[in-house]
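Residues per chain are reported as follows:
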Amino acid sequence: MTNERKEELQLQCSRFRNQLIDLLHSIQTGHPGGSLSCTELLTALYFEIMNVDPEHPDMEGRDHLVLSKGHAAPMLYLVLAEKGFFQKEELKNLRHIDSMLQGHPCVHKTPGVELSTGPLGLGLSAGLGMALSARIKGQDSYTYVIMGDGEIQEGCVWEAAMSASKFKADHLIGILDNNGVQLDGTLEEIMPMGDIRAKWEAFGWNVIPCNGHDVADICRAVKEAKAAAGADGKNHPGKPSLILAATVKGKGISFMEGRNIWHGKAINDEEYARAKAELGGAQ
Ligand SMILES: Cc1ncc(C[n+]2csc(CCOP(=O)(O)OP(=O)(O)O)c2C)c(N)n1
Ligand SMILES: [Mg+2]
């Protein structure tokens, strides 16, 4: 990625952070921490990596993104709207009854959403199904699943992990938003996950660490995952890959960074003013 492109995408991430704070402040609800944590991940995927067409959200052979940590829906919606999946005008209806934009992603309501999520732990199993389905259809597409690090405390994540490895689902790319914080505290306080890299490797995955707030480094990691999947894209000789993204929950707003209380909390007027001052106003 050129430096120019990187700057452009990082600026877009600042815009998304600004829009997120405006939106969550205006509706007085929603999840800022986990949304700010995966801003660069979603931006890199939708604006640099994935083969998707907003005009044809169901296009055959497209790449799929499953936001398994569904509470980060506000950032997903901002990215989808910017990409053109629906009108930006819809954003103001976030979390309203009967709105297209529910508090957690809903596949039946929002163009571009591939799976309804919210109950944690389910996305990797469904993503595995999508990846295997694409393989059966002879499509050379990739399925990306963004998980939270608290989320991987769910046992069913590991059932999916061992199945993906057994079925050599090397077009399945898990992305772990590894911010060290969950809802009620840090992972260390609630349920330490130990050596996360070693765990995924023990389950037969190829693990690729990256800086989850650097769009260029995220793209580099995805490229490595694709290379590991085999150049011809047909034989699927390799392993599924996990991108271990080092992130900060609440990234970009000092008083939210690393603090679990900002997992899901309304932003008051004073906090809003401070957050906006820190973000510098990119719209
Ligand atoms: C099965 C399930 N249990 C509990 C919850 C409530 N919950 C929502 S988010 C969350 C914490 C998630 O932490 P993490 O996966 O680390 O996400 P992030 O830090 O990226 O926000 C919890 C416990 C849920 N949504 N689903
Ligand atoms: Mg977390």
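These numbers come from a predicted model, not from an experiment.

K.L.:
Looking at this model, I keep getting lost on the coordination of the magnesium ion (ligand 2). Mind explaining?
P.N.:
Angles between donor atoms at a metal ideally measure 109.5 degrees for a four-coordinate tetrahedral arrangement and either 90 or 180 degrees for a six-coordinate octahedral one. Looking at the metal site, the magnesium ion (ligand 2) is ligated by D149 (OD), N179 (OD1) and V181 (O), spaced 2.1 to 2.2 Å from it. Considered as a linear motif, the donors of the magnesium ion (ligand 2) on their single chain read D-x29-N-x1-V. In this structure, N179 and V181 share a single accessibility class: buried.

K.L.:
In this structure, what is going on with the site of ligand 1? I would like to understand it.
P.N.:
In the region of ligand 1, 17 residues are neighbours, and K69, H71, D149, G150 and E151 sit closest. Contact distances for ligand 1 include 2.7 Å between an oxygen atom and a side-chain N or O atom of H71. In the environment of ligand 1, a nitrogen atom lies 2.8 Å from a nitrogen or oxygen atom belonging to the backbone of G118. Its residues assigned to classes, the shell around ligand 1 comprises 4 nonpolar, 8 polar and 5 charged.

K.L.:
What am I meant to see in the sheet that holds strand β2 (residues 143-148) here?
P.N.:
In any sheet, the strands associate via hydrogen bonds between backbone groups, in a parallel or an antiparallel arrangement. Pairing is parallel across the open sheet formed by 5 strands, whose spatial order is β1-β2-β3-β5-β4. Each end of this open sheet is capped by a strand with a single partner; those strands are β1 (64-67) and β4 (206-211). The average undirected angle you get between the axes of adjacent strands in this sheet is 20°. Of the strand pairs in this sheet, β2 and strand β3 (residues 172-178) are connected by 6 bridges, and their pairing is parallel. For T143, the partnering residue across the bridge sits in β3 and is L172. Strand contacts of helix α3 (residues 39-49): β1, β2, β3 and β5 (241-246), with the helix running at about 170° to β2, the strand carrying the most contacts. Against the sheet, helix α9 (residues 215-228) contacts β2, β3, β4 and β5, and its axis sits at roughly 165° relative to β4.

K.L.:
I keep staring at the pairing of β3 and nothing clicks. Help me out?
P.N.:
Along any regular strand, the residues point their side chains to alternate faces of the sheet. Of all 7 residues making up β3, 6 are buried, and the element is well covered by its neighbours. Regarding topology, helix α6 (residues 155-166) serves as the crossover connection from β2 to the parallel β3, and that connection is right-handed. Alignment of β3 against β5, held across 6 bridges, turns out to be parallel. Paired with I175 across the two strands is I243, which belongs to β5.

K.L.:
Would you mind going over the nonpolar core with me for this structure?
P.N.:
Counting 58 residues, the largest nonpolar core has L42, L45, Y46, L65 and Y144 as its most contacted members. In this structure Y144 touches L45, I49, M50, D63, H64, L65, V66, I173, I175, V222 and K226, once residues within four positions along its chain are discounted. Listed in part, the 24 residues of the second largest apolar core include V66, M130, V145 and M147.

K.L.:
Honestly, the pattern of salt bridges in this entry has me stumped. Any pointers?
P.N.:
Between side chains of opposite charge, pairing is possible as soon as their charged atoms come close. All told, the structure shown has 15 salt bridges when counted by the stated rule. The partner of E114 in a salt bridge is R62, with the nearest N and O atoms 2.7 Å apart. In this pair, E114 is assigned in the loop between α4 (73-83) and α5 (123-136) and R62 in the loop between α3 and β1, connecting sequence segments 52 residues apart. Among the residues examined, E114 registers a relative accessible area of 16% and is labelled buried. The exposure class assigned to R62 is buried, which follows from its relative accessible area of 12%. Its salt-bridge partner being D177, residue K69 comes within 2.7 Å of it at the nearest N-O pair. Of the two residues, K69 sits in the loop between β1 and α4 while D177 sits in strand β3, which places them 108 residues apart along the sequence. Each member of the pair, K69 as well as D177, is classed as buried. By sharing partners, the salt bridges in this structure join R5, E8 and E48 into a single network.

About the cut-offs
- Residues numbered from 1 in each chain as written.
- Chains lettered and ligands numbered in written order.
- Predicted model: local features only at pLDDT ≥ 70, side-chain atom pairs only at ≥ 80, totals over all residues.
- Heavy atoms only, no water.
- Donors = N, O, S within 2.8 Å, 3.2 Å for Na, K, Ca; no water.
- Buried < 20%, exposed > 50% of the residue type's maximum accessible area, 1.4 Å probe, protein only.
- Near = heavy atom within 4 Å.
- Polar contact = N/O pair within 3.5 Å; in protein donor to acceptor, adjacent residues only side chain to side chain.
- Nonpolar A, V, L, I, M, F, W, Y, C, P; charged D, E, K, R; others polar.
- Pairing = 2+ DSSP bridges.
- Helix = DSSP H or I, 4+ residues; strand = E, 2+ residues; numbered from the N terminus.
- Axes fitted to C-alpha atoms, helices over the stretch in contact; angles between N-to-C directions.
- Contact = heavy atoms within 4.5 Å.
- Right-handed = clockwise from strand over helix to strand, strands pointing away.
- Core = buried A, V, L, I, M, F, W, Y, C linked by side-chain atoms within 4.5 Å.
- Salt bridge = Lys/Arg side-chain N within 4 Å of Asp/Glu carboxyl O.

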